[in-house]
Structure formats: structure tokens, C-alpha cells
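Below are the chains, spelled out letter by letter.
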Amino acid sequence: MIQLARTAPPNFFQNDYPLFRDLSEAELPLLADQAKLKVLDKQQYLCMQHSPSDRVFNIASGSAVVERISNDGRRQILAFVFPGDFVGLSNSDRFEYGIKCLTGTTAYEFKRQNLFDLSEKLPTLKANIKNIRALVLSLTFDQVYLLGQKKAHERVCFLLLHLLQRLPGATQMHLELPMTRADIADYLGLTVETVSRSMSKLKKEGLITLPTPNAVRIVDLEAVQELADIH
């Protein structure tokens with residue numbers, strides 16, 4: 001069951017998170033007054049596709065997936081999101097996607113208009129939101145290029161590096177995957193079988209090992225980086 005806490009205290013905010021970056025000690029309480037802390041279980045939705053897009057969220061802990069379901073039931077994963085990610089921006093009055101938790105997750109919920117009104121009074125907050133929009137656009141371009149130009153095992157390498165950079169506690173020697181092979185397939189535009197074959201190929205070539213079904217060890221980081229490169 002989704003739990004909604006009282007107004008979030010400002011000391012909960014991490015200054016290295018993009019939304020909160022460089023905000024002063026005087027400004028953080030103003031932002032905290034607008035936030036509610038939501039606590040969700042695995043597989044619960046932070047927001048549903050087609051629901052009113054009057055809220056935005058900042059992930060505080062856990063991991064989630066941004067997904068879009070077509071009319072015929074097919075799913076495309078648009079992004080994996082982790083602590084610090086600001087999600088829920090929309091160009092319409094309805095969410096074009098849903099945000100589903102892969103693990104137990106907590107997130108700060110803001111009413112979208114209230115947050116934007118506050119950003120007009122706090123130039124740093126306004127700049128942070130602008131930078132987040134630019135980053136989302138950049139990552140979208142990366143994903144479009146990835147799906148259009150990269151081979152299957154190269155796409156897997158790209159995702160592994162992305163997770164290495166983003167997952168809390170991830171290291172080259174131990175990368176614990178919170179998502180399933182089906183989630184990976186729906187993100188990379190592949191089938192589950194192709195994801196498994198790609199993993200096996202990288203393992204056979206000595207680039208990775210698979211200590212458990214949900215863990216990856218990157219043995220040859222330089223080779224993985226070369227395969228994943230999209231620049």
C-alpha cells in the first residue's frame with residue numbers, strides 16, 4: 001500500500017541531487033514545504049499512464065522504470081530511474097507513461113504547478129529544472145541512436161555502463177541488477193532471448209562474468225566501454 005508521509009524535512013534532501021543542487025539553507029525549507037514523501041512497494045506505480053500529470057517526483061531511494069504501453073499491450077521502457085532522478089515532466093495534462101517501482105521505493109512528490117511557481121522565486125531551482133530537461137533530452141537522443149545503430153551485445157554494454165554509473169553501490173566487480181531480462185529487453189528494443197544470448201556472448205569473450213542470474217561482473221571495462229560508445 002502506498003504511504004504518504006507528512007511534509008518532508010529539508011535535511012532529507014541530498015544537495016548532489018540535480019533538483020536540489022546549490023540551493024541555500026534558506027531555500028531548502030521552502031522546497032521541503034512543497035514535498036510529500038511517498039513510500040511504495042515493489043511493482044507499485046508512482047504514477048499511471050494517462051493519469052493527470054499534475055505531479056512531479058524526485059526519487060529518494062530504490063529504483064523504478066518509466067514505461068509506455070501501446071494500445072495493443074506492447075511495452076517500451078523509456079528509462080530506468082534511481083535515487084536523485086527527477087521524473088514526471090510532461091507536455092500534456094496526462095502522463096504519456098507510467099512509473100513502476102522495481103524495488104521498494106521512496107520519492108518526494110510535488111504538485112507540478114506549485115513547484116514551478118516556486119522556481120520563479122528561486123533562480124537556482126529554475127536553473128536546476130532547466131538543466132534536468134536538457135539532460136532528459138540528451139539521454140533520449142542517446143537511446144534513439146542506441147536502438148537504431150547498435151548491435152544487440154553493444155546495447156547491453158551501453159546499459160551495463162549506465163547502471164555502473166547510476167546504481168547506488170555498483171562497482172565494476174559487482175553490479176546487482178534490479179531489473180529482469182524482460183525489462184532489459186523492453187529498454188533495448190530486443191527480445192529476452194537476444195538479451196540472454198548477448199550476455200552469453202560477452203561472457204564467452206571474457207568481458208563479463210555472471211556470478212548470479214541478477215549480478216554482473218565487468219572483467220574488461222575498456223572493451224565494454226568501446227562497444228558501448230555512442231559518440
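Residues numbered from 1 in each chain as written. Predicted model: local features only at pLDDT ≥ 70, side-chain atom pairs only at ≥ 80, totals over all residues. Heavy atoms only, no water.

### Here's the deal with the overall build of the protein
Next, step 1: Within the protein one finds seven helices and twelve strands.
Next, step 2: Projected onto its principal axes, the C-alpha coordinates of the protein cover approximately 55 × 40 × 35 Å.
Next, step 3: The burial tally for the protein puts 45% of its 231 residues in the buried class.
Next, step 4: Taking as baseline every contact in the protein between residues at least 6 positions apart, the subset at least 24 positions apart corresponds to 69%.
Next, step 5: Within the structure as shown, the protein displays about 12100 Å² of accessible surface, and the carbon and sulfur contribution to it stands at 52%.
Next, step 6: Side chains of the protein give 27 positive and 26 negative charges; the mean places of these two sets differ by 4 Å. (Helix = DSSP H or I, 4+ residues; strand = E, 2+ residues; numbered from the N terminus. Buried < 20%, exposed > 50% of the residue type's maximum accessible area, 1.4 Å probe, protein only. Contact = heavy atoms within 4.5 Å. Areas by Shrake-Rupley, 256 points an atom, 1.4 Å probe, with all protein chains shown as cover. Lys, Arg positive; Asp, Glu negative; His and termini not counted. Charge placed at Lys NZ, Arg CZ, Asp CG, Glu CD.)

### A short note on the packing of helix α4 (residues 152–166) against helix α5 (residues 181–188)
Next, step 1: Between α4 and α5, the least distance of the axes is 11 Å, while the angle of their chain directions is 110°. By the angle between their axes, α4 is roughly perpendicular relative to α5. Where α4 approaches α5, its residues Arg155, Val156, Phe158 and Leu159 are matched on the opposing element by Ile184, Tyr187 and Leu188.
Next, step 2: A class-by-class count of the residues in the contact of α4 with α5 yields six nonpolar, no polar and one charged. (Axes fitted to C-alpha atoms, helices over the stretch in contact; angles between N-to-C directions. Parallel < 35°, antiparallel > 145°, perpendicular 65-115°, else oblique. Nonpolar A, V, L, I, M, F, W, Y, C, P; charged D, E, K, R; others polar.)

### Looking at the layout of surface pockets
Next, step 1: As a volume, the largest pocket reaches approximately 1200 Å³.
Next, step 2: Lining the largest pocket are 41 residues, and of these Ala79, Leu135, Val136, Leu139 and Thr140 sit closest to its centre.
Next, step 3: Those elements that place two or more of their residues in the lining of the largest pocket are β5 (64–69), β6 (75–81), β7 (86–87), α3 (123–149), α4 and α7 (221–228).
Next, step 4: The greatest single-element share of the lining of the largest pocket, amounting to eleven residues, is contributed by α3.
Next, step 5: Across the lining of the largest pocket, the residue classes tally to 24 nonpolar, ten polar and seven charged. (1 Å grid on protein atoms, 1.4 Å probe; cavity = no way out; pocket = protein on both sides within 12 Å on 5 of 7 lines; lining within 4 Å. Points joined across faces, edges and corners; volume = space filled by probe spheres on them.)

### Examining the sheet that holds β6
Pairing between the strands of a sheet is mediated by backbone hydrogen bonds and can be parallel or antiparallel.
Next, step 1: An order of β3-β8-β5-β6 is seen for the four strands of this open sheet, with the pairing classed as antiparallel. Either end of the sheet is taken by a strand with one partner, and the two such strands are β3 (45–47) and β6. In this sheet, neighbouring strand axes are inclined to one another by 30° on average, regardless of whether the strands run parallel or antiparallel.
Next, step 2: Sheet topology note: the β5/β6 ladder contains six bridges and is antiparallel. Across the sheet, Glu67 pairs through a bridge with Ile77, a residue of β6. (Pairing = 2+ DSSP bridges.)

### Comments concerning the sheet that holds strand β10 (residues 175–176)
Next, step 1: Across the sheet, which stays open at both edges, the three strands sit in the order β10-β12-β11 with antiparallel pairing between neighbours. Among the strands making up the open sheet, the edge pair consists of β10 and β11 (208–212).
Next, step 2: Where β10 meets strand β12 (residues 215–218), two bridges bridge the pair, whose relative direction is antiparallel. Looking at the pairing, Leu175 lines up with Val216 of β12.

### Concerning the confidence of the model for the protein
Next, step 1: When pLDDT is averaged across the protein, the result is 90; 93% of the residues are at 70 or more.
Next, step 2: Counting contacts from residues 1–6, a segment whose pLDDT is below 50, to residues more than four positions away or on other chains yields 19 contacts. (pLDDT = per-residue confidence, 0-100.)

### Some points on the pattern of salt bridges
Next, step 1: Counting across every chain of the model gives ten salt bridges.
Next, step 2: Here Arg74 makes a salt bridge to Asp72, at a shortest N to O gap of 3.0 Å. Taken individually, Arg74 and Asp72 each receive the classification exposed, so the pair is uniform in this respect.
Next, step 3: With its nearest N and O atoms 2.7 Å apart, the salt bridge here joins Asp186 to Arg75. Residue Asp186 is found in helix α5, and its partner Arg75 is found in strand β6; the two are separated by 111 residues along the sequence.
Next, step 4: Each of Lys38, Asp54, Arg55 and Glu109 takes part in a single network of salt bridges with overlapping partners. (Salt bridge = Lys/Arg side-chain N within 4 Å of Asp/Glu carboxyl O.)

### Considerations on the pairing of strand β8 (residues 98–101)
The two faces of a sheet get side chains in turn, since along a regular strand they alternate between them.
Next, step 1: The alternating pattern of β8 places Gly98 and Lys100 on one face and Ile99 and Cys101 on the opposite face, and all of these are buried.
Next, step 2: Pairing of β5 with β8 involves four bridges; the strand directions are antiparallel. Note on β8: the bridge partner recorded for Val66 is Ile99.

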